[in-house]
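A look at the structure
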Amino acid sequence: MSGTVSDHILAAALLDAWQATVPSASPSVLALGARIELLERLPAVTAVQPFKPFVDPMTATGHDVLADLAGLAPDQHFQRVMVWPSPVRAAARAELAAAAQRCTDGGMLICAQHNERGARSLQSDVEALFGRVEVLSKHRCRALVVSQPHARCNAALAQEWLLAGAPQWCAPLSLWTQAGVFAARRIDAGSALLMQALPTDLSGSLADLGAGAGVLSAHVAKHCPALSRMDLYEADARALGLAKRNLGALAVPYEVHWHDVTRGLPRHYDVVISNPPFHAGGAQSHELGQQFLRTAISAIAPGGELWLVANRHLPYESLLMQGLGNVLTVLQADGYKVLHARKAHV
Ligand SMILES: C[S@@+](CC[C@H](N)C(=O)[O-])C[C@H]1O[C@@H](n2cnc3c(N)ncnc32)[C@H](O)[C@@H]1O
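Residues numbered from 1 in each chain as written. Predicted model: local features only at pLDDT ≥ 70, side-chain atom pairs only at ≥ 80, totals over all residues.

Let's talk about the domain arrangement of the protein
Along its sequence, the protein is organised into domain 1 (5-164) and domain 2 (168-342). Spacing between the C-alpha centres of domain 1 and domain 2 amounts to 32 Å. Contact with domain 1, which involves 15 residues of that partner, is made by 11 residues of domain 2. Only helix H1 (5-21), helix H3 (52-60) and helix H4 (89-101) provide two or more residues apiece to the side of domain 1 that touches domain 2. The greatest single-element share of the side of domain 1 that touches domain 2, amounting to three residues, is contributed by H3. Class assignment of the residues belonging to the side of domain 1 that touches domain 2 gives a composition of nine nonpolar, two polar and four charged. (Domains from an automatic or database assignment. Contact = placed C-beta atoms within 7 Å. Helix = DSSP H or I, 4+ residues; strand = E, 2+ residues; numbered from the N terminus. Nonpolar A, V, L, I, M, F, W, Y, C, P; charged D, E, K, R; others polar.)

So, in structure tokens, the structure goes:
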């Protein structure tokens, strides 16, 4: 996924702060929320990024990328930790706390945010955790530089934020959820409508595109006994970790795939279900959802079927008509529609 203009701007803010603080010798560097825009301009970096479309361009250019910090040795520390923060505050707070734990004693933490996307909140969180920080305002962003974050970190607050950002059991939903993952602590209204519409006689192999924490897959596994296998495709590694917990041991065999759905699927399926994303890089994107549909259309086996839910205003019908020759609106409520289409037998 090539970065948006705002990604390039945030990268510039982080890199300017880096330039202002870089020591003469090459420091060891950890980047949380790493992006290709940073890696292109920094010396050897240990990169952590859970979102596959951001990972693929980094691995394609020879970088190793970890999906999460569990891939590091517990005692591995860095002289510089760069944080490209999550747009979700609880997740960003957990990243700051984790970053402090990974800094060497004399190390430095650098993070940045757009002014109109929460720079002020980020600064107040950084100050709450570490005390006074150095602020660089440029590119309509604030870059924040914390020296010796390990020593200055409020340990109790860091622990609180790490816990709040970790996977949590949500008893009312009977689901594992996590801050920063789609629909944390609620079932999305669109997903709920799709579950209401899905028939119980779905059979054969099934793919769940953009499976998130596995809500739809858990539903069909429970209600559709004729399914023979399920594959969950999802870009966010954190969501897949939750999905594994949420599905646990099932009668139907299943696999989870850390995968960018816009790149197509490796096999064909009798059934494809999806609540496609319609946001990319913080902005609404019809193109991303339409790309999901194109992937679905080519992955459905002859005679197979597609079930998807979308916001009512999203223009998906014409694409399905073109690709499959039919489409039916099965249910509409609360601004959502459930669409069904079938691929002809050859
Ligand atoms: C609308 S949510 C639906 C999640 C889940 N199916 C549910 O019903 O709760 C869309 C999901 O697509 C994932 N996603 C976004 N872009 C993706 C991509 N390029 N490839 C795979 N998954 C993607 C998001 O991380 C999110 O979990």
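Let's pick the thread back up.
Describing unusual backbone geometry
Despite not being glycine, His139 has its phi angle at roughly 55°, a positive value. Within the fold, His139 resides in the loop between strand E6 (134-138) and strand E7 (141-147). C-beta crowding within 10 Å serves as the criterion here: with 20 such atoms nearby, His139 is assigned to the buried category. (Buried ≥ 20, exposed ≤ 12 C-beta atoms within 10 Å, placed from the backbone.)

Remarks on the packing of helix H11 (residues 286-299) against helix H12 (residues 317-324)
Two measures define how a pair of helices packs: the angle their axes make with one another and the distance between the axes. Packing of H11 against H12 brings their axes to within 10 Å, and their N-to-C directions diverge by 20°. Regarding the angle of H11 to H12, the classification is roughly parallel. Handedness of the crossing formed by H11 with H12: right-handed. Contacts between H11 and H12 pair Gln290, Leu293 and Ile297 from the former with Leu319, Leu320, Gly323 and Leu324 from the latter. Among the residues forming the contact of H11 with H12, the class breakdown is five nonpolar, two polar and no charged. (Axes fitted to C-alpha atoms, helices over the stretch in contact; angles between N-to-C directions. Parallel < 35°, antiparallel > 145°, perpendicular 65-115°, else oblique. Left-handed = near helix turned anticlockwise from the far one by under 90°.)

Topic: the sheet that holds strand E17 (residues 328-333)
Spatial strand order, E12-E11-E10-E13-E16-E18-E17: seven strands in an open sheet with mixed pairing. Strands with a single pairing partner mark the edges of an open sheet, and in this sheet they are strand E12 (254-258) and E17. Within the sheet, the average angular offset between the axes of one strand and its neighbour, ignoring direction, is 15°. (Pairing = 2+ DSSP bridges.)

Details of the site of the ligand
The environment of the ligand is made up of 20 residues, and the closest members are Ser191, Gly210, Gly212, Ala235 and Val261. For the shell around the ligand, the elements supplying multiple residues, two or more each, are helix H9 (215-223) and strand E11 (227-234). Along the lines of polarity and charge, the residues of the shell around the ligand split into 11 nonpolar, five polar and four charged. (Near = placed C-beta within 6 Å.)

Observations concerning the environment of Trp161
By the secondary structure assignment, Trp161 is in helix H7 (residues 155-164). For Trp161, a count of 26 C-beta atoms within 10 Å corresponds to the buried category. Each C-alpha atom of the pair Trp161 and His219 lies 31 Å from the other, and the pair is 58 residues apart in sequence.

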